[in-house]
Amino acid sequence: MEETKISMYQLYKDMLTSYLANKSEHALYHAQQFSKEMMEKDMSPEETVSLHLSVFQELAEDLPEEVVDSFDILLEVMIGYGLAYREHQSLRDRQQQLESELTVAARMQKSLLPHGEISLDSVDLGVISVPAGKMSGDYYDYALDEHGNIGVAVADVIGKGVPAAMSMSMIKYAMDTLPEQRTQPGALLENLNRVVERNIDSDMFITMMYGFYDPNNHYFHYASAGHEPGFVYDAVKDEFRNLEAKGLVLGVSPKVRYFPDQLHLDAGDFIVLLSDGVTECRVDGEFIEREQLVDMIRKYKHLTAQEIVDEIFQELEKAQEFQLRDDFTLLILRRKV
Amino acid sequence: MQVQTHVDIHSEWGIVAARQAGRKLAREIGFGSVDQARITTAISELARNIYLYANKGQIQIEEVTSSGKRGVKIIAVDEGPGIKDLRRVMEDGFTTSGGLGAGLPGVKRLMDDFNIDSELDAGTSITAIKWLR
Ligand SMILES: Nc1ncnc2c1ncn2[C@@H]1O[C@H](COP(=O)(O)OP(=O)(O)O)[C@@H](O)[C@H]1O
Ligand SMILES: [Mg+2]
């Protein structure tokens, strides 16, 4: 410490001497570089002011008393700046710590979502889920049972960030305890609703759509808890219809009934499930219309399900300059044969 | 006998008097101008808190020595409302002056040793020491 003080003193003195001699831009540039070094060495503004005065006093003998005294005022003012600077550093350290905690939490959250590929002869599945921040309030799931049924789900916690992510993991754990209801969309949502109602604040809501495809009779059975409608694509007519079902959002009331619906899929037909982060993307400042989304899906429909969702995400991400406002989840399930 | 000064704080005049006493002692002990300014800033913050939140109280300033080191000790005492959540108050960014670095965390930074005791409806006592190097 003492040593660096002495060498700083010498450096500062050389710098000031050179500047006073020729007032060159070069010396000023030197000072600018020097300031970085001072900050690295944790020198506070008040120490810098005091360094300046003592060097100056040595170089210019007999400084007028007023000049020397005026530094008292400057020093006093600089103490405040020094404190603000230190506080800023400590807040920055704390932010870095929070960031790294969040990174770990986000990784844990990711591991809750399925990531294995499902490659089947019966269906083609694709999903993309991207959080707006580090953690996501969107949930998705896909799973295959022993009869070949493929269950798919998208849920959206109203809210963002850490609280939403915590609710999302609750849905995941609740789903895991209900394996026998994976072929009963209504009963599944009723059970989830009970869990959510009991465990989360009354000002948090979760919407969800769950369905499963039975490759033996080609029916898709589904139910919705106030979730953003999806789409069904009819390959023969080249037409999109809304996929919706009535049902209250999860967590509002303990006893809610959900009535499942069903539809037949022909080869090439597909189901689209999404979170409202998709429809709340803004292009040119306006929310995209569902028709625009349909047009995009149609444009890419010759691709695999995974390619379609990836392309749509990329296009929408770019259209809003890589600033997602809400968690984005898009899932496509297509009957192959 | 070591120097000890008591200053009653019940107006901004008291704050200035406490600063003056602190600066005088710091100078006598041999602190440089930067540390003098740091010590007086800490005194200001503590005295202002007394004035603002407890209406009145006292700042004591004395010389301390410990294993050959000399230092200035500031004790701020009041019988005001006390501080409810000490941990929050000592967090950066909590002060009403938010983000300007001063406040109690600032005092802690300016000084070497810092101790705070506070009891709701009974008062607050803060001790801070700066050692001469
Ligand atoms: N002597 C005191 N008595 C009661 N409350 C105090 C006292 N000193 C500080 N406080 C409380 O602690 C808070 C933080 O104080 P401080 O860090 O000095 O920041 P600021 O005064 O800018 O709010 C104050 O807002 C006040 O509520
Ligand atoms: Mg204060």
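Look up: the structure comes first, before these words.
Residues numbered from 1 in each chain as written. Chains lettered and ligands numbered in written order. Predicted model: local features only at pLDDT ≥ 70, side-chain atom pairs only at ≥ 80, totals over all residues. Heavy atoms only, no water.

In this section: the overall build of chain B. Each helix and strand counted, chain B has four helices and five strands in total. Shown N-terminal to C-terminal, the secondary structure of chain B runs as helices and strands in the order β-α-α-β-β-α-α-β-β. For 133 residues, the compact-globule estimate of 2.2 N^0.38 gives 14 Å, and chain B sits close to it at 14 Å. If you line up chain B on its principal axes, its C-alpha atoms span 35 × 25 × 25 Å. Taken across its 133 residues, chain B has 48% of its residues classed as buried. Put simply, of all contacts in chain B between residues at least 6 apart along the chain, 60% involve residues at least 24 apart. (Helix = DSSP H or I, 4+ residues; strand = E, 2+ residues; numbered from the N terminus. Rg over C-alpha atoms; globule rule 2.2 N^0.38 Å. Buried < 20%, exposed > 50% of the residue type's maximum accessible area, 1.4 Å probe, protein only. Contact = heavy atoms within 4.5 Å.)

Looking now at the overall build of chain A. If you tally the helices and strands in chain A, you get nine helices and 12 strands. Relative to its length of 337 residues, chain A is extended, with a C-alpha radius of gyration of 31 Å against a globular reference of 20 Å. With the principal axes as the frame, chain A shows a C-alpha extent of 100 × 45 × 35 Å. Out of the 337 residues belonging to chain A, those deemed buried represent 46%. The long-range share in chain A, meaning contacts at least 24 apart out of those at least 6 apart in sequence, stands at 71%. When the accessible surface of chain A is totalled, it reaches about 17900 Å², and 53% of it is carbon and sulfur. (Areas by Shrake-Rupley, 256 points an atom, 1.4 Å probe, with all protein chains shown as cover.)

Right, let's get into the site of ligand 1. Residues and elements named next belong to chain B. Within the structure, ligand 1 sits among 14 residues, and N49, Y53, D78, T96 and L104 are positioned closest to it. A distance of 2.9 Å separates a nitrogen atom of ligand 1 from a polar side-chain atom of D78. Here ligand 1 loses 87% of its free accessible area of 530 Å² to cover by the protein chains. Where the shell around ligand 1 is concerned, the elements lending two or more residues are α2 (33–54) and α4 (103–110). For the shell around ligand 1, the element with the most residues is α4, which contributes three residues. Of the residues in the shell around ligand 1, the class split is six nonpolar, seven polar and one charged. (Near = heavy atom within 4 Å. Polar contact = N/O pair within 3.5 Å; in protein donor to acceptor, adjacent residues only side chain to side chain. Nonpolar A, V, L, I, M, F, W, Y, C, P; charged D, E, K, R; others polar.)

Residues and elements named next belong to chain A. Strand order in the open sheet formed by five strands is β2-β3-β4-β5-β8, with antiparallel pairing between adjacent strands. The open sheet is flanked by β2 (138–144) and β8 (261–264), the only strands paired with a single partner. Direction aside, the axes of adjacent strands within the sheet are offset by 15° on average. Direction of pairing for strand β5 (residues 219–225) relative to β8: antiparallel, over a ladder of four bridges. Opposite Y219, over in β8, you have H264 as the bridge partner. Running over the sheet, helix α5 (residues 161–176) touches β2, β3 (150–157) and β4 (206–214) and is turned about 20° from β2. (Pairing = 2+ DSSP bridges. Axes fitted to C-alpha atoms, helices over the stretch in contact; angles between N-to-C directions.)

The subject of this paragraph is the environment of Y29 of chain A. Residue and element names in this part refer to chain A. Tracing the backbone through its elements, the reader meets Y29 in helix α2 (residues 25–40). Since its relative accessible area comes to 48%, Y29 is described here as partly exposed. In sequence terms Y29 and G116 are 87 residues apart; their C-alpha atoms lie 57 Å from each other.

Let's shift gears to the pattern of salt bridges. What the rule picks out here adds up to 22 salt bridges over all chains. Residue E76 of chain A is joined to R19 of chain B by a salt bridge in which the shortest nitrogen-to-oxygen separation is 2.9 Å. Of the two residues, E76 of chain A is situated in helix α4 (residues 65–112) and R19 of chain B in helix α1 (residues 12–29); the pairing between them involves two chains. Owing to a relative accessible area of 21%, R19 of chain B belongs among the partly exposed residues under this scheme. The residue D141 of chain A makes a salt bridge to R182 of chain A at a minimum N-O spacing of 2.9 Å. Here D141 of chain A is found in strand β2, whereas its partner R182 of chain A is found in the loop between α5 and α6 (185–199), with 41 residues between them in sequence. By relative accessible area, which is 10% here, D141 of chain A ends up buried. (Salt bridge = Lys/Arg side-chain N within 4 Å of Asp/Glu carboxyl O.)

Before going further, it helps to spend a moment on the interface of chain A and chain B. With 15 residues of chain A at the contact, the number on the chain B side is 18 residues. Buried area between chain A and chain B, both sides added, is near 1300 Å², and the carbon and sulfur share of it is 55%. Put simply, chain A and chain B have four salt bridges between them. Between chain A and chain B we count six residue pairs in polar contact (both at pLDDT 80 or more) in total. Elements with a contribution of two residues or more to the side of chain A that touches chain B: α3 (45–59) and α4 of chain A. If one sorts the elements of the side of chain A that touches chain B by residue count, α4 of chain A sits on top with 11 residues. Residue composition of the side of chain A that touches chain B, by class: five nonpolar, four polar and six charged. (Buried area = accessible area lost by both parts, 1.4 Å probe.)

Residue and element names in this part refer to chain A. The contact between helix α8 (residues 290–300) and helix α9 (residues 305–319) brings their axes to 9 Å, and the two run at 130°. Between α8 and α9, the crossing angle belongs to the class labelled oblique. Between α8 and α9 lies a crossing whose hand is right-handed. On α9, the residues that touch L293, M296, I297, K299 and Y300 of α8 are I308, E311, I312, E315 and L316. (Parallel < 35°, antiparallel > 145°, perpendicular 65-115°, else oblique. Left-handed = near helix turned anticlockwise from the far one by under 90°.)

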